[in-house]
Amino acid sequence: TPPARRTYTSPSTIMATDPLDTPTATAIPSSSSAYEADERIAARHAVSLADEKWRTLCTQHASTFVAAERRSVAIQKSLQELLVTIEVETKPSVKKVGRALDPNYSGEDDDNGAEGKDDDDEEGEDGGPIQPASALLADLAEKHRLRRRTLMQHSSLLELLELPSLMDACVRSSLYEDALSIAGFANTLERRHLMEGGNSSSSGKVSDENVDGKNQNDQSQWNKKGDVVAGVVSEIRRREADLRRMLIHRLRQDVTMPQCLEVVTALRRLNGVELERRNNSKSSRADHDLEGVHAAMEMRLQVDFLEARDCWIEGGVTKIGSAQAAAVAAASSSSGDKGSSSGTSAQAEQILDGVERYRTRCFEIVTQFLAIFRGSFAPSPSSSSNNHDHSFSLLSMWTARRIQTFLTTLSSNIVTHVNDTATLRDALDAASFFASSMGRVGADFQPMLAPIFEPRLTEMIVGHWHDGLNGMIETLKACRDAGIAGPLFGTETNSNKDGTGRSGNLDGFEIQSSRTPAPPRKLLALPPLARFLNAYLGGLNELRRCLLPGAFPAIRSAQSTLVADAKMALQANERAVLTPGLRGEATRLREVASKMKSEFDNCLEPYMTGCLEVALGNGEKETFIMLHLH
């Protein structure tokens, strides 16, 4: 049997057959075809992303596209209207020139009614009959000559138009002289190009009606020609206002005497420019009116000067407020006594620095005002005296207001931050020096300082005394409630001997009137009275640091009130311990209560009165009291 023939099929035939029939003949794709398929998928994905991004951008900027489209439509419409307008306005002139140049044209040869009607309409649109060719050519030649002259003066016209921006640059660069020169040149431009035409037209009003109508036409043409100059002058006037504001703003800063004089001189020149403009516009006014305007401008300049310097001095005073001192005190309140003392010293230094800064600035402003404005008026006896009175009265009012503001601020700072007499004395010295310095310009205010410092001194002294009285009352109450008498007794000592065993001052009658006598040592047996006396003497020591005679009556009255309150407290304590049913050491409590009362009346009260008189400088009276006590 012959062998069976083998049949071969092409790859396409194999791929077309069913894979289930020929599983071994399936074609396997290569790696290059798979890579090409991946690239096509990635490209389609990138195209879709780009399409989405493009649509998103179109959606975001749709309003811009619409606005641009509307703007382009509006521009096209405006251009079309402009072309139509140019054609409508130039067409009659072109026709008129053409007819005037046509030798065969004659207005009487129009036989056609429609054409004659059109000609009449055209003449009506032109506004007049057709002129000869020579007149039209002369008019065109004149206009051409005017345009050529304008082009020849192109650089000068550019400089004229750049004057406002040039003055603005000078103002921003603090070039006051150049800016004022431009302002004066604006007055020259206004006088030459704007007022001469008005004067010439006003002089022509006396002619007949024909000449009057011609003058009106000339005036309208003159105003039309002067629009550019008027605009330039108006812009320069606005720059003048900016220059004035800048100069006044510079006075609000720290400026020296030469700088201040420079600024005031520039302001006066600016007032001179305004006076020149008023003189040009109102030449019919009398010279006395200009003098009055000048005096009013000078007074306004003085007011502006003082107001600007007020802003400068207020800028320095606001730094003296209690904000920084309060911050220092709050930061140091959590750290013991050392932090408290450092905060108090910082507040005191801040007050003293504020007084010195205020004094320096006030005296500098007054000196500048007197140096600049004292000789600003003419020495004529008719008007100069009144002007001088006005200037000096203005300075007097400003000085009085600044002094009152200073006293108000100083009073609030002293009440808030001054807690010891040493700081009070320093503040008093600084304020007194300030007042004496202002006395050189006739503004000494030393008598106004006493109502500020004397009440504060009395308040601090009485505060020490009340602290001692309250401590004694609390000690007595605590011992009475606890029923113990131990804290109320101390070591019994001899009142005639001091620590060295020598006789005391009272036995030898060697009392010195300039020193506080030694306290009675027998008060050491009664600690509450001894502590009360220590507090009282501490208040007197504070008083000696800042001794103000005006506070003596108030201190004496406060001492009498203190003695009365102490006696009432001791009597109340004696009544309380004599109440039946008192627990604890009732006998000793009653004994010490009676002893404290008698010692206060016989020993402590006279000693306190004598110490007060020594502190106040009445040594002879204190000696008599102490001898009587002995």
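Tell me what's going on with the overall build of the protein chain, and back it up with residues and numbers.
The helix and strand inventory of the protein chain stands at 22 helices and 0 strands. Looking at the protein chain as a whole, 31% of its 630 residues qualify as buried. Looking at the protein chain alone, contacts between residues at least 24 apart form 78% of all its contacts between residues at least 6 apart. Summed over all atoms, the accessible surface of the protein chain reaches about 38,600 Å², with 55% contributed by carbon and sulfur.

Describe the nonpolar core, and please don't skip the residues or the numbers.
By size, the foremost hydrophobic cluster in this structure holds 109 residues, and its most contacted members are Phe-453 and Tyr-536. The contact partners of Tyr-536, leaving out residues within four places of it in the chain, are Trp-465, Gln-559, Leu-562, Met-608, Cys-611 and Leu-612.

Please provide a residue-by-residue account of a nonpolar patch on the surface, values included.
Taken together, the side chains of Ile-75, Leu-79, Leu-82 and Ile-86 make up a nonpolar region of the molecular surface, amounting to roughly 370 Å² of accessible area. Relative to the elements of secondary structure, Ile-86 occurs in helix 3 (residues 62-101).

Lay out the environment of Cys-260 with the relevant residues and their values.
Along the chain, Cys-260 turns up in helix 11 (residues 257-281). Overall, the relative accessible area of 0% leaves Cys-260 in the buried class. Residues within four places of Cys-260 in sequence aside, it is in contact with Leu-251, Val-255, Phe-305, Gln-368 and Ile-372.

Outline the environment of Ala-586, listing residues and values.
Mapped onto the elements, Ala-586 comes out in helix 21 (residues 586-616). Each C-alpha atom of the pair Ala-586 and Ile-484 lies 8.0 Å from the other, and the pair is 102 residues apart in sequence.

Requested: an account of empty space enclosed by the protein, with residues and values cited.
All chains considered together, the criterion is met by 2 cavities of 30 Å³ or more. The wall of the second largest cavity is formed by Phe-369, Leu-370, Phe-373, Arg-374, Ser-391 and Phe-392. For the lining of the second largest cavity, the secondary structure elements donating two or more residues are helix 14 (336-373) and helix 15 (384-417). Top element by residues in the lining of the second largest cavity is helix 14. It accounts for 3 residues. When the residues that make up the lining of the second largest cavity are grouped by side-chain class, the tally is 4 nonpolar, 1 polar and 1 charged.

Just give me the short version of the side chain of Glu-599, but keep the residues and values in it.
Mapping Glu-599 onto the fold places it in helix 21. Assessed through its relative accessible area of 17%, Glu-599 is described here as buried. Apart from residues no more than four positions distant in its own chain, Glu-599 is found in contact with Lys-522, Leu-526, Leu-529 and Leu-604.

Please set out the packing of helix 17 (residues 450-482) against helix 20 (residues 552-577) residue by residue, giving values where relevant.
At a minimum axis separation of 11 Å, helix 17 and helix 20 run at an interaxial angle of 5°. Viewed along their axes, helix 17 and helix 20 adopt a mutual orientation that is roughly parallel. Along the contact surface, helix 17 presents Thr-458, Val-462, Trp-465, His-466, Leu-469, Met-472, Ile-473, Leu-476 and Arg-480, while helix 20 presents Ala-554, Ile-555, Ala-558, Gln-559, Leu-562, Asp-565, Ala-566, Ala-569, Leu-570, Asn-573, Ala-576 and Val-577.

Describe the pattern of salt bridges, with residues and values.
Under the criterion given, the structure shown has 28 salt bridges. With a closest N to O distance of 2.4 Å, Glu-142 and Arg-145 form a salt bridge. You can see Glu-142 and its partner Arg-145 sitting in helix 5 (residues 133-152), 3 residues apart, about one turn around the helix. A relative accessible area of 40% places Arg-145 in the partly exposed class. For the salt bridge of Asp-242 with Arg-245, the shortest nitrogen-to-oxygen distance reads 2.1 Å. With Asp-242 and Arg-245 both in helix 10 (residues 227-251), this residue pair falls 3 residues apart, about one helical turn. Through salt bridges with shared partners, one network takes in Glu-190, Arg-237, Glu-240 and Arg-277.

Can you lay out unusual backbone geometry for me, pointing to particular residues and giving the numbers?
Even without being a glycine, Ser-174 presents a positive backbone phi close to 65°. Examined against the element boundaries, Ser-174 turns out to sit in the loop between helix 7 (163-172) and helix 8 (176-203).

Could you give an account of the confidence of the model for the protein chain, with specific residues and numbers?
Mean pLDDT over the protein chain stands at 75; residues scoring 70 or higher make up 69%. Between residues 109-114, whose pLDDT stays under 50, and residues either more than four places distant or in other chains, the model counts 2 contacts. With pLDDT under 50 throughout, residues 332-340 is counted as low confidence; its partners more than four residues away or in other chains account for 4 contacts.

Summarise helix 16 (residues 421-439); cite the residues concerned and give the values.
In a regular helix each residue adds 1.5 Å, so 19 residues correspond to 27 Å; helix 16 covers 26 Å between its end C-alpha atoms and thus fits that length. Those residues of helix 16 not exposed but buried are Thr-421, Thr-423, Leu-424, Ala-427, Leu-428, Ala-430, Ala-431, Phe-434, Ala-435, Ser-437 and Met-438.

How would you sum up the packing of aromatic side chains? Please name residues and give values.
Tallied over the full model, the rule gives 10 aromatic pairs. When the centroid spacing of 6.2 Å and the interplanar angle of 40° are considered together, the rings of Phe-305 and Phe-369 count as tilted. Remark: Phe-369 occurs in helix 14 and Phe-305 occurs in helix 12 (residues 287-317); sequence separation between them is 64 residues. The two residues Phe-305 and Phe-369 agree in class, both being buried. Taken together, a centroid distance of 6.4 Å and an interplanar angle of 45° make the contact between Phe-532 and Phe-600 tilted. Of this pair, Phe-532 sits in helix 19 (residues 527-545) while Phe-600 sits in helix 21, placing them 68 residues apart in sequence. Classification of Phe-600 as buried rests on a relative accessible area of 0%. Here the aromatic cluster, defined as three or more aromatic residues joined through ring pairs, consists of Tyr-358, Phe-406, Phe-434 and Phe-445.

With reference to specific residues and values, describe the environment of Ala-525.
Within the fold, Ala-525 resides in the loop between helix 18 (505-508) and helix 19. Sequence separation between Ala-525 and Gly-490 is 35 residues, and the spatial gap between their C-alpha atoms is 4.0 Å.

Tell me about the side chain of Gln-559, residues and numbers included.
Along the chain, Gln-559 falls in helix 20. Setting aside chain neighbours within four positions, we find Gln-559 in contact with Trp-465, Tyr-536, Met-608, Thr-609 and Leu-612.

For helix 17, give the residues involved together with the corresponding values.
When the terminal C-alpha atoms of helix 17 are compared, their 48 Å separation across 33 residues agrees well with the 48 Å that a helix rising 1.5 Å per residue should span. A positive backbone phi angle near 75° is found at Gly-483, which sits one or two residues after helix 17.

Definitions and limits used
- Residues numbered from 1 in each chain as written.
- Predicted model: local features only at pLDDT ≥ 70, side-chain atom pairs only at ≥ 80, totals over all residues.
- Heavy atoms only, no water.
- Helix = DSSP H or I, 4+ residues; strand = E, 2+ residues; numbered from the N terminus.
- Buried < 20%, exposed > 50% of the residue type's maximum accessible area, 1.4 Å probe, protein only.
- Contact = heavy atoms within 4.5 Å.
- Areas by Shrake-Rupley, 256 points an atom, 1.4 Å probe, with all protein chains shown as cover.
- Core = buried A, V, L, I, M, F, W, Y, C linked by side-chain atoms within 4.5 Å.
- Patch = residues over 30% accessible without salt bridge, like charges linked within 9 Å, V, L, I, M, F, W, Y side chains within 5 Å.
- Salt bridge = Lys/Arg side-chain N within 4 Å of Asp/Glu carboxyl O.
- 1 Å grid on protein atoms, 1.4 Å probe; cavity = no way out; pocket = protein on both sides within 12 Å on 5 of 7 lines; lining within 4 Å.
- Points joined across faces, edges and corners; volume = space filled by probe spheres on them.
- Nonpolar A, V, L, I, M, F, W, Y, C, P; charged D, E, K, R; others polar.
- Axes fitted to C-alpha atoms, helices over the stretch in contact; angles between N-to-C directions.
- Parallel < 35°, antiparallel > 145°, perpendicular 65-115°, else oblique.
- pLDDT = per-residue confidence, 0-100.
- Expected span 1.5 Å × (residues − 1).
- Phe/Tyr/Trp six-rings, centres within 6.5 Å; stacked < 30°, edge-to-face > 60°.

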